[in-house]
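# Tertiary structure, described
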Amino acid sequence: HVPTAHTPEAAPQLPGHELLYSGKVRGLYAPLDPATGQRDQERLLLVASDRISAYDHVLDTPIPDKGSVLTQMSLWWFDQLADLAPHHVISTDVPEQVAGRAVYVRRLRMLPVECVARAFLTGGGLAEYAATGTVSGVPLPEGLVDGSRLPEPVFTPSTKAPMGEHDQPISFAEVEELVGPRLAARVRDLTVAILQRGNEIAADRGILIADTKVEFGIDPAQLGLGDGADEEIDWASVDPDVVDVVLADEVLTPDSSRFWRASEWAPGRTQTSYDKQVLRDWLTSPASGWDKASDTPPPTLPDDVVELTRARYVEAYETLTGRPFTAGTPA
Ligand SMILES: N#Cc1c(N)ncnc1-c1cnn(Cc2cccc(F)c2)c1
């Protein structure tokens, strides 16, 4: 395998497309009409880079094929979840520079809520539970520890913080204020159902999905808005039994979710990350010469750490989907 690492930075220039948003490891582009140069108002191109983040830093060493593996995994999940929610994917017939790691999606009006659900307690949810006995206002049983399985997945939403800032946890009541009680209940139920389904499927493959973040949007036409319009939406007036609440962004990937090996799960300590443990162990070992408490950027990764990390992503994809990973081509 001769790894071809894509994109030294998250979002490269792409002919015929205009970069709209650049996330830590992904970019969102508007296709341009070749005749007029105008932005296509109905489609977006969602591109996943090969970059990886750890300890709130985006590393300068890309992981070859990471973008492609996570894109293919998300596409597979959209199919597995199609009975729960419609999704935003239009086509994988994308420019050759991003082949296999980009999708054309329907341009939606996105709900202003990060929809997170937790099936296992860890990270920020564990900290909130330790302090209050609840998570997002939901009371939990006593005696839970790091990695405890929750009786059922809990909806733990957060705000959409500006790029680069941490999302802030909010209560379900605050979600109701943001999008109205009907949409709030619908996205809560969908997010929990998606994680529940994800864990039913993943468990058969020896993988636990501790938590996940999904995003929903609604077709502007169903909101009575023109494609290009960006006027304020009164979400509380939207009836989820009339419009389609569409599953957008990426779904149940190791970037949007915590993946654990079921065989390594041991409540009471920090769980090992399916995809990032090799990277974290090296970064926190003397070999890296890096101090994560310092605000210095992590060092360049050695080839073996890159290759082992790449192998974890490929293993997660092939284990989950039962399909061989083929670099650069949509499955
Ligand atoms: N998916 C989707 C989507 C859609 N189908 N319609 C309209 N907007 C979005 C949209 C807006 N922000 N994001 C998050 C995001 C994703 C990837 C890269 C980034 F920089 C940022 C998603």
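This structure is a prediction, so every number in the text was calculated from the model and none was measured.

## Description of empty space enclosed by the protein
By the definition in use, this model includes 1 cavity of 30 Å³ or more. Within this model, the largest cavity holds a volume of roughly 190 Å³. In this structure, the largest cavity is lined by 20 residues; those nearest its centre are Arg26, Ala48, Leu70, Thr71 and Glu250. Elements represented by at least two residues in the lining of the largest cavity include exactly β3 (43-48), α1 (66-80) and β7 (102-106). Counting residues per element, the lining of the largest cavity draws most heavily on α1, at 7 residues. Partitioned by chemical class, the residues of the lining of the largest cavity number 9 nonpolar, 5 polar and 6 charged.

## Overview of the pairing of strand β9 (residues 115-120)
Of all 6 residues making up β9, 6 are buried, and the element is well covered by its neighbours. Direction of pairing for β9 relative to strand β13 (residues 207-214): antiparallel, over a ladder of 4 bridges. In the strand pairing of β13, Arg118 is matched with Asp211. Both β9 and strand β12 (residues 149-155) contribute to a ladder of 3 bridges, which runs antiparallel. Its bridge partner being in β12, Phe120 is matched across the sheet by Arg149.

## As for the site of the ligand
Taken together, 17 residues surround the ligand, and among them Gly23, Leu46, Arg106, Leu108 and Asp249 come closest. One nitrogen or oxygen atom from the main chain of Leu108 is found 2.9 Å from a nitrogen atom belonging to the ligand. Calculation on the ligand without its partners gives an accessible area of 470 Å², and the protein chains cover 91% of this total. Of all the elements in the fold, those that place two or more residues in the shell around the ligand are β1 (17-22), β2 (26-31), β3 and β7. The dominant element in the shell around the ligand, judged by the number of residues it contributes, is β2, at 3 residues. Along the lines of polarity and charge, the residues of the shell around the ligand split into 9 nonpolar, 4 polar and 4 charged.

## Some words on the sheet that holds β13
Read across the sheet, 4 strands follow the order β12-β9-β13-β16 without closing on themselves; strand pairing throughout is antiparallel. Of all strands in the sheet, those bounded by a partner on one side alone are β12 and β16 (257-261). Pairwise comparison of adjacent strand axes, ignoring direction, gives a mean angle of 10 degrees for this sheet.

## Here's the deal with the packing of α1 against helix α3 (residues 172-203)
Running from N to C, α1 and α3 point in directions that differ by 110 degrees, and their axes come no closer than 11 Å. Accordingly, the angle class assigned to the pair α1 and α3 is roughly perpendicular. Along its contact with α1, which presents Trp76, Trp77 and Gln80, the element α3 presents Arg197, Gly198 and Ile201. A breakdown of the residues in the contact of α1 with α3 according to their chemical character gives 3 nonpolar, 2 polar and 1 charged.

## Things to note about the environment of Glu174
Checked against the element boundaries, Glu174 lands in helix α3. In this structure the C-alpha to C-alpha distance between Glu174 and Ala184, which are 10 residues apart in sequence, comes to 9.2 Å.

## Notes on the nonpolar core
The biggest cluster of nonpolar side chains holds 71 residues, and the ones touching the most others in it are Trp77, Phe216, Trp235, Leu247, Val251 and Leu301. Take this core: its biggest share by element is 10 residues, from α3. Look past the residues within four positions of Leu301 in its chain and what remains in contact with it is Leu59, Thr61, Ile63, Leu279, Trp282, Leu283 and Val306. Counting 9 residues, the second-largest nonpolar core is a separate cluster that includes Leu14, Val47, Val98 and Tyr104.

## Considerations on α3
Between its terminal C-alpha atoms α3 stretches only 28 Å, short of the 46 Å expected from 32 residues at 1.5 Å a residue. Bending of α3 peaks at approximately 115 degrees at the position of Gly180, with proline Pro181 no more than four residues after it.

## Description of the sheet that holds strand β14 (residues 216-218)
An order of β8-β14-β15 is seen for the 3 strands of this open sheet, with the pairing classed as antiparallel. The open sheet is flanked by β8 (109-110) and β15 (246-247), the only strands paired with a single partner. Note: β14 against β15, 2 bridges, orientation antiparallel. Bridged to Phe216 within β15 is Leu247. In the packing of α3 onto the sheet, the strands contacted are β14 and β15, and the crossing angle to β14 comes to about 135 degrees.

## Quick look at the confidence of the model for the protein
Here the protein averages 95 in pLDDT, while 96% of its residues score no lower than 70. Segment residues 1-5: pLDDT under 50, and 10 contacts once partners within four positions in sequence are set aside and those in other chains are kept. Overall fold confidence for the complex sits at a pTM of 0.96, while the interface term, ipTM, reaches 0.98.

Reading guide: rules and limits
- Residues numbered from 1 in each chain as written.
- Predicted model: local features only at pLDDT ≥ 70, side-chain atom pairs only at ≥ 80, totals over all residues.
- Heavy atoms only, no water.
- 1 Å grid on protein atoms, 1.4 Å probe; cavity = no way out; pocket = protein on both sides within 12 Å on 5 of 7 lines; lining within 4 Å.
- Points joined across faces, edges and corners; volume = space filled by probe spheres on them.
- Helix = DSSP H or I, 4+ residues; strand = E, 2+ residues; numbered from the N terminus.
- Nonpolar A, V, L, I, M, F, W, Y, C, P; charged D, E, K, R; others polar.
- Buried < 20%, exposed > 50% of the residue type's maximum accessible area, 1.4 Å probe, protein only.
- Pairing = 2+ DSSP bridges.
- Near = heavy atom within 4 Å.
- Polar contact = N/O pair within 3.5 Å; in protein donor to acceptor, adjacent residues only side chain to side chain.
- Areas by Shrake-Rupley, 256 points an atom, 1.4 Å probe, with all protein chains shown as cover.
- Axes fitted to C-alpha atoms, helices over the stretch in contact; angles between N-to-C directions.
- Parallel < 35°, antiparallel > 145°, perpendicular 65-115°, else oblique.
- Contact = heavy atoms within 4.5 Å.
- Core = buried A, V, L, I, M, F, W, Y, C linked by side-chain atoms within 4.5 Å.
- Expected span 1.5 Å × (residues − 1).
- Bend = angle between axes of the 7 residues up to and from the residue.
- pLDDT = per-residue confidence, 0-100.

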